Amino acid sequence: MTTENPIFGDEDTSYQAAGGIEGIQQLVNEFYDLMDSLPESEKIRSLHKKDLSDARKKLSYFLSGWLGGPKLYQEHIGSISIPGFHRKFNIGSAERDA
Ligand code: HEM
């Protein structure tokens with residue numbers, strides 16, 4: 001692998017392209033800020049806890065490992081199945097789209 005032509009998904013190239021943990025945190029913060037403020041997100045916002053700080057931390061940890069970086073979710077919280085975890089919520093097409 002050369003640094004000029006990184007292949008996405010190869011080792012931690014996707015994590016690097018996302019800007020490492022700082023880039024991921026920025027993305028996650030913007031995502032939850034939008035969820036917290038857009039009227040069209042009200043329904044899925046209401047599925048989340050009032051305080052979003054845990055959600056921000058957990059999604060950042062998860063995406064770090066998913067993008068080939070440090071497996072922070074596994075290290076700090078444990079193993080997770082994303083579909084399994086979400087099964088307890090009522091997520092239909094409208095919630096998915098929102
Ligand atoms: C399809 C739309 C989705 C909806 C409506 C949804 C909704 C939720 C809700 C309600 C929570 C609980 C938050 C809380 O406890 O306050 C949650 C947690 C979480 N979601 Fe999603 N989610 C969706 C898709 C995804 C996707 C695609 C991913 C991964 C890329 C993801 C990753 C996570 C993670 C890591 C957590 C935290 C798990 C934990 O508490 O340990 N979600 N989500």
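The rules behind each value
Residues numbered from 1 in each chain as written. Predicted model: local features only at pLDDT ≥ 70, side-chain atom pairs only at ≥ 80, totals over all residues. Heavy atoms only, no water. Core = buried A, V, L, I, M, F, W, Y, C linked by side-chain atoms within 4.5 Å. Buried < 20%, exposed > 50% of the residue type's maximum accessible area, 1.4 Å probe, protein only. Helix = DSSP H or I, 4+ residues; strand = E, 2+ residues; numbered from the N terminus. Donors = N, O, S within 2.8 Å, 3.2 Å for Na, K, Ca; no water. Phe/Tyr/Trp six-rings, centres within 6.5 Å; stacked < 30°, edge-to-face > 60°. Lys NZ or Arg CZ within 6 Å of the ring centre and 35° of its normal. Near = heavy atom within 4 Å. Polar contact = N/O pair within 3.5 Å; in protein donor to acceptor, adjacent residues only side chain to side chain. Nonpolar A, V, L, I, M, F, W, Y, C, P; charged D, E, K, R; others polar. Salt bridge = Lys/Arg side-chain N within 4 Å of Asp/Glu carboxyl O.

> How would you sum up the nonpolar core? Please name residues and give values.
Counting residues in each nonpolar core, the largest one holds 9 residues, listed as Tyr15, Ile24, Val28, Tyr32, Met35, Ile44, Leu52, Ala55 and Leu63. If one sorts the elements of this core by residue count, helix H2 (residues 20–37) sits on top with 4 residues.

> Talk me through the coordination of the iron atom of the ligand; I want residue IDs and the actual numbers.
Among protein residues, the single donor to the iron atom of the ligand is His86 (NE2), with a metal-donor distance of 2.0 Å. With respect to the helices and strands, histidine 86 occurs in helix H6 (residues 82–86).

> Run through the packing of aromatic side chains, naming residues and quoting values.
Taken as a whole, this structure holds 2 aromatic pairs when the rule is applied. Measuring from centroid to centroid gives 5.1 Å for phenylalanine 31 and tyrosine 32, while their planes differ by 75°, and the two rings are edge-to-face. Taking relative accessible area as the criterion, tyrosine 32 reaches 7% and is therefore assigned buried. Geometry around phenylalanine 85 places lysine 88 over its ring, the cationic atom sitting 3.8 Å from the centre.

> Would you mind going over the environment of serine 46 in detail, with residue names and values included?
You can see serine 46 is positioned in the loop between helix H3 (42–45) and helix H4 (53–66). On the basis of relative accessible area, serine 46 is assigned to the exposed category, the value being 58%. Linking serine 46 and threonine 13, residues 33 residues apart in sequence, is a C-alpha distance of 35 Å.

> Can you lay out the site of the ligand for me, pointing to particular residues and giving the numbers?
Residues in contact with the ligand amount to 14 residues; listed here are only the nearest, Lys49, Lys58, Tyr73, Phe85 and His86. A distance of 2.9 Å separates an oxygen atom of the ligand from a polar backbone atom of lysine 49. A distance of 3.0 Å separates an oxygen atom of the ligand from a polar side-chain atom of lysine 58. Elements with a minimum of two residues in the shell around the ligand: H4 and H6. For the shell around the ligand, the per-class residue count stands at 10 nonpolar, 2 polar and 2 charged.

> Can you tell me about the pattern of salt bridges, naming the residues and giving the values?
All told, the structure shown has 5 salt bridges when counted by the stated rule. Among the ionic pairs, lysine 43 bridges to glutamate 95, the shortest N-O distance being 2.9 Å. Separated by 52 residues along the polypeptide, lysine 43 in helix H3 and glutamate 95 in helix H7 (residues 93–97) bring together distant segments of the chain. Residue classification places lysine 43 among the exposed positions, given a relative accessible area of 52%. Residue classification places glutamate 95 among the buried residues on the basis of a relative accessible area of 13%. Residue lysine 58 is joined to aspartate 54 by a salt bridge in which the shortest nitrogen-to-oxygen separation is 3.4 Å. Of this pair, lysine 58 and aspartate 54 both sit in helix H4, 4 residues apart, which is roughly one turn of the helix. The exposure class of lysine 58 is partly exposed, given its relative accessible area of 31%.

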